[in-house]
Amino acid sequence: MTSRSTAAHAPAGSVPDADLTRLSLNTATTKAWTLEEAVDGAVRAGLPAVGLWRDRVAEAGLERAARLVRDAGLRVSSLCRGGFLTAADDDGRRASLEDNRAAVVEAATLGTRELIMVVGGLPAATGPNAPARPGGDKDIVEARRRVADRIGELVPFAQEHDVRLVLEPLHPIFAADRAVLSTLAQCLDLAEPFAPETVGVVVDTYHVWWDPDLRRQIARAGRTGRLASYQVCDWIQPIAADPLLSRGYMGDGFIDFPTVTRWVAESGYTGDVEVEIFNQDIWDTDGDDVLAVVAERYGRLVQPYL
C-alpha cells in the first residue's frame, strides 16, 4: 500500500522536551516484532508502557510474556482483544464466552485491568479472521442485543478477576464484519447497566474522529468514570483495499489530534495513550525508526494537549 505515512518523517529528537511518560506502544504498530523485541524496543525508545495483542502473548506464552514486561519495568496499558460476541447459535455463543473468559485471565495475569472488546459484526460475516460475505442473519438490532446479553454474562467473571471490559466503537465501515457498535454513544448506552469499574469504553481516533457528537460523548465517558483507554493514529486516504490498513502516523492524515486530545483531557482521563497503527508500509519499516516517528509525532501533536 502506498500511503501518506511514508512521506517526510520528522527526525527523532525534534521535540527534545517531549514528555513520554504516558506514551504506550501497541504491539500492532510494530507487527514484525516478537513480544520480546517490542518490549526491548519500547525500553530503548524510553516508553513506559506497552499495549499487548493476544497473538504476541500466545507466541511468547502467558507467564513468560508477563515476566518479560515486568522485568523490563513496563506497565501494560491494555490487552487486545476480546469480543466477537454476536454468534446466533449455541456453539458459537459458548465458544465466544470461553475465549473471552480466557482473555480476562490473560489480562489479569499480564497486570492490566483493560481488556479491549471488539464486539463482532453480523453472524454471517464475523470473527477475527472471517471474510465478509453476504447472506445469513442480517438483523443488526438483534446482534446488538446479543452483545449486551453476553457482556452481562461476562461481567461477574471480569469482576472476579478485577478486569474491565472495554467496549470499542469501530468506524461504520466495519459494522458488517467486525463491530455492530459504531459510536461512543452506543457503547456507553450498552455499558450503563454495569459498574464503570467493570465495563468501560475506549476512544480510538481512527474509528471515532468523524462523529459529530464526539465531544459530548467523551465528556459523558469521563463523567461516568468509563473512559478506560485512549488510542491514537491517523485516518489516511486513499482507503486501502483492506480498510484496516488505512491507518497512519499522527499528522499524516485528516484527524485533528490537538482538539480530540483536549476533549479527552477535559474528561479527566489520566491514563496511557496507545499508538496503534495498522499499515503495511509501517510494518515493513525498521521498528526503531517507527518508534522514533511515533515519539516525535506524539510529542508534537498529542502530549502538549493532555
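The preceding data block contains the structure.
Residues numbered from 1 in each chain as written. Predicted model: local features only at pLDDT ≥ 70, side-chain atom pairs only at ≥ 80, totals over all residues. Heavy atoms only, no water.

1. Regarding the side chain of Arg150
Turning to step 1, where the next piece is worked out: Turning to its location among the elements, Arg150 is positioned in helix H5 (residues 140-160).
Turning to step 2, where the next piece is worked out: The buried charged residue Arg150 lacks any salt bridge partner; its closest oppositely charged side chain belongs to Glu153, at an N-O distance of 4.7 Å. (Helix = DSSP H or I, 4+ residues; strand = E, 2+ residues; numbered from the N terminus. Buried < 20%, exposed > 50% of the residue type's maximum accessible area, 1.4 Å probe, protein only. Lys, Arg positive; Asp, Glu negative; His and termini not counted. Salt bridge = Lys/Arg side-chain N within 4 Å of Asp/Glu carboxyl O.)

2. Digging into the pattern of salt bridges
Turning to step 1, where the next piece is worked out: For the coordinates displayed, the defined rule picks out 23 salt bridges.
Turning to step 2, where the next piece is worked out: Ionic pairing is found between Arg54 and Glu106, a salt bridge with its closest N-O pair at 2.8 Å. Of this pair, Arg54 sits in helix H2 (residues 54-60) while Glu106 sits in helix H4 (residues 90-110), placing them 52 residues apart in sequence.
Turning to step 3, where the next piece is worked out: Residue classification places Glu106 among the buried residues on the basis of a relative accessible area of 16%.

3. Quick word on the environment of Trp33
Turning to step 1, where the next piece is worked out: With respect to the helices and strands, the residue Trp33 is situated in the loop between strand E1 (23-26) and helix H1 (35-45).
Turning to step 2, where the next piece is worked out: For Trp33 and Glu142, which are 109 residues apart along the polypeptide, the C-alpha to C-alpha distance reads 39 Å.
Turning to step 3, where the next piece is worked out: Among all residues touching Trp33, those that are not within four sequence positions of it are Ala38, Gly41, Arg44, Arg56, Gly287, Asp288 and Leu291. (Contact = heavy atoms within 4.5 Å.)

4. Focus on the packing of H1 against helix H3 (residues 62-71)
When two helices pack together, their arrangement is captured by the angle between the axes and the distance separating the axes.
Turning to step 1, where the next piece is worked out: Where H1 contacts H3, the two axes come as close as 10 Å, and the packing angle between them is 10°. Classified by the interaxial angle, the pair formed by H1 and H3 is roughly parallel. Contacts between H1 and H3 pair Leu35, Glu36 and Val39 from the former with Arg64, Ala65, Leu68 and Val69 from the latter.
Turning to step 2, where the next piece is worked out: Across the contact of H1 with H3, the residue classes tally to five nonpolar, no polar and two charged. (Axes fitted to C-alpha atoms, helices over the stretch in contact; angles between N-to-C directions. Parallel < 35°, antiparallel > 145°, perpendicular 65-115°, else oblique. Nonpolar A, V, L, I, M, F, W, Y, C, P; charged D, E, K, R; others polar.)

5. Re the nonpolar core
Turning to step 1, where the next piece is worked out: Of all hydrophobic cores here, the largest spans 85 residues; its most connected members are Leu52, Ile151, Leu165, Leu167 and Tyr230.
Turning to step 2, where the next piece is worked out: Of the residues forming this core, the biggest block, seven residues, is contributed by helix H11 (residues 287-301).
Turning to step 3, where the next piece is worked out: What Leu165 contacts, discounting residues up to four positions off in sequence, is Val104, Leu115, Met117, Ile151, Leu154, Val155, Ala158, Thr198, Val199 and Gly200.
Turning to step 4, where the next piece is worked out: By size, the runner-up hydrophobic cluster in this structure holds eleven residues, among which are Ala28, Trp53, Cys80 and Phe278. (Core = buried A, V, L, I, M, F, W, Y, C linked by side-chain atoms within 4.5 Å.)

6. Re the side chain of Glu274
Turning to step 1, where the next piece is worked out: In this structure, Glu274 sits in strand E10 (residues 273-275).
Turning to step 2, where the next piece is worked out: Comment: no salt bridge for buried Glu274; closest opposite-charge side chain is Arg247, at 8.6 Å.
Turning to step 3, where the next piece is worked out: Leave out the neighbours within four places in its chain, and Glu274 touches Ser24, Asn26, Gly51, Ser77, Ser78, Tyr230, Gln231 and Val232.

7. Concerning H3
Turning to step 1, where the next piece is worked out: Those residues of H3 not exposed but buried are Ala65, Ala66, Leu68 and Val69. For H3, the angular spread of the buried residues around the axis is 160°, confining them to a single face. Of the exposed residues in H3, the ones pointing more than 90 degrees away from its buried face are Glu63, Arg70 and Asp71. (Arc of directions from axis to C-beta.)

None of the figures reported here should be taken as evidence of function without further support.
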